[in-house]
Amino acid sequence: MDSTSESDYAHGHHIFRDEFLPAFDPLRPHIDRLHSLVLRVRDLACKRHARTVLSTVGPGPQLRTLDLYHIEDWQDADRLWGHVGPPPVVVFDGALPLLRRLSLIGVNIQWSAAASPFLRNLTELELGVHSDDVRIPFDRWLDVLRESPGLERLALHYSGPRIAGTPWDLPEGPVSLLELRDLKLADLDATYACALLRTFVAPYVRKLHLELGSMSETQDYTPFVNMLVDAPDPAACPAVLDPSAIYVPPQARAHASSPPPDEDRGGKGKSKAKTNGIRAPRPMFPHLEELSIAALATCTLASWHALLRGATKVRTLAVDFGQMDRGAFDVLAGALRGPSFPIVTHHANGAYHHSGDPYVVIAEAASFSGLEETPPPRPEMDPRLLPALRTLKVAGVEGAGLARYWRARKRMGLPVRRLLVSVKDRDRDMEKLKAEVEAGAKAGDGDGDEPCTMEWFHDEEDDAEDDQEGVDDGLEETEGELEDDDADADADVDADGVEDEDEGAYIPASGSDDTGSEDHQHHHHHQPHTAVSAS
């Protein structure tokens, strides 16, 4: 059931304050038969009605999916914090024995095991837009993870375990989540995100979505990315985590406390022997197949390069390069050159050693300083990163650069089979690339494999505007203001006459690619722009 906001309410077309309880009444006799319930409110009065319903409706013995949303335009996190409201109620008398999929977006419940014993045996858990004071206590967070060994999907959007109150103690170490396949992290502070990833171990994650930071309010997510590149040893996890402390890898701490390798210190090269060999990086998610970056602002280009370098199984990449540092796409394309920096590249004498990487990219590359009156010649691309890549979905990329990347991979025998490009990046070079891709497909240029394709996509903000226009059109048609039925067909065609396509997949700049993603359309970048009231 989806109620509307006061500003969008139209009598006879929406469920709002007066319609909410009467709309729910027909469901009450059938609660014990429901397998799924999705309830969205966008108004404080409707929220009170929802609290009444959820606290009086009784048990839900067959309910397997429960999605509760409260969406309000609080403008910023400070206003969200001040509109928590009354304490949460006990929902469904705490009796949801078959519950497997739970989404709480802007809705907090009584977290205790006595009030919510159903927080166990979950396969999907989504928590979104909660101020810290109403988030799940850390000890209860560990309990929920530990008692849900079959958890397959975890999504945290400006939410997660509470910082204040219970210390982040790990008496038994991180929780093992061997079934987790899909992880989404959005609008989390860099230090918090690092600590969060140390509360569980999930080596078989296949899909990772990140929406961290924004170009207007940047944080340094380099330690977080470095953690993804080289996962900390779970056995070495501290007994107490500090979600406000900067993560420092043990290797970096060891190097910081060791003398420089060229210092003899009277030991005739002993210090050099301690530091010239290190173990190979261990990716946190070695089986990753799908990586989506809606925002990563910011991290060093070297760390970004290392993340891509270790993602050898990724087949689908979706990135909004407009929400990353300049040069991020050139890192992917292997086009940004500069002085080499040390990175693990070869194995000798039983150890991995540092050496200069000819394909490494760094932010200080002189040819991209932006200070030259005449742009330097573009270096040849060497796109060896992501050898398994088949689908690429991008925003914030120029057509010329994308075209060169696509052609370079094709020449190397590593073609990208499906390109999806933001319609906002549609320029002359993009049009030429699309024509080239389509011409190759018609000519059977698939090398025995499926032909390459290229499509445009709209981001969620555009989709939301289209949806609202559709609602307005429906009201106008009811009032007899539309001239004919052709207007409906015209609504599916862009101004340039190109018909919209079914993009599928997810949008790099989107906040979610799952059920209810339309409600996340403004929740980008650390502090949610359209915040959701908790409780």
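Up top is the structure these notes are about.
Note that the structure is a prediction, hence the values are computed from the model and not measured.

It is worth spelling out the nonpolar core at this point. In this structure, Phe224, Trp304 and Leu402 are the most contacted members of the largest nonpolar core, which totals 113 residues. In terms of residues, this core owes the most to one element, helix H5 (residues 190-197), which gives 7 residues. For Leu402, the contacting residues outside a window of four places in its chain are Phe329, Leu392, Val394, Val397, Leu419, Val421, Met430 and Leu433.

Tallied over the entire structure, the rule returns 12 salt bridges. Between Glu179 and Arg181 there is a salt bridge, with its nearest N and O atoms 4.0 Å apart. Judged by relative accessible area, which is 28%, Arg181 ranks as partly exposed. Across the pair Lys207 and Glu290 runs a salt bridge, and its minimum N-O distance is 3.9 Å. Within this pair, whereas Lys207 is found in strand E10 (residues 207-212), its partner Glu290 is found in strand E13 (residues 290-296), the two being separated by 83 residues in sequence. By sharing partners, the salt bridges in this structure join Asp143, Arg146 and Glu172 into a single network.

The next subject is the environment of Ala239. Here Ala239 is to be found in the loop between helix H6 (222-229) and strand E11 (240-241). A residue is classified by how much of its surface remains accessible, and Ala239, at 53% relative accessible area, is exposed. Sequence separation between Ala239 and Leu170 is 69 residues; the distance between their C-alpha atoms is 5.1 Å. In this structure, Ala239 is in contact with Trp168, Asp169 and Leu170, ignoring residues within four places of it in sequence.

Moving on, we come to unusual backbone geometry. The linkage connecting Ala297 with the following residue, Thr298, adopts the cis geometry, with an omega of 5 degrees. Mapped onto the fold, Thr298 is located in the loop between E13 and helix H9 (301-310). A positive phi angle, near 55 degrees, is found at Asp93, a position not held by glycine. With respect to the helices and strands, Asp93 occurs in the loop between helix H3 (77-81) and strand E3 (101-105). Given the relative accessible area of 49%, Asp93 is considered partly exposed.

What counts, and at which threshold
- In this numbering scheme, every chain counts its residues from 1 along its sequence in written order.
- In keeping with the predicted nature of the model, local features appear solely for residues at pLDDT of at least 70, side-chain atom pairs appear and are counted solely at 80 or more, and the whole-chain, interface and lining totals rest on all residues.
- Side-chain descriptors were evaluated using all non-hydrogen atoms of the structure, hydrogens and water having been removed beforehand.
- Here, nonpolar core refers to any group of buried Ala, Val, Leu, Ile, Met, Phe, Trp, Tyr and Cys residues whose side-chain atoms link them within 4.5 Å.
- The buried label goes to any residue with under 20% of its type's maximum accessible area, the exposed label to any with over 50%, and the partly exposed label to all in between, with areas taken from a 1.4 Å probe on protein chains only.
- Strands here mean DSSP runs of E at least two residues long; helices mean DSSP runs of H or I at least four residues long; both are numbered from the N terminus.
- Throughout, a contact is declared for two residues whenever any of their heavy atoms are within 4.5 Å.
- Counted as salt bridges are all cases of a side-chain nitrogen of Lys or Arg within 4 Å of a carboxyl oxygen of Asp or Glu.

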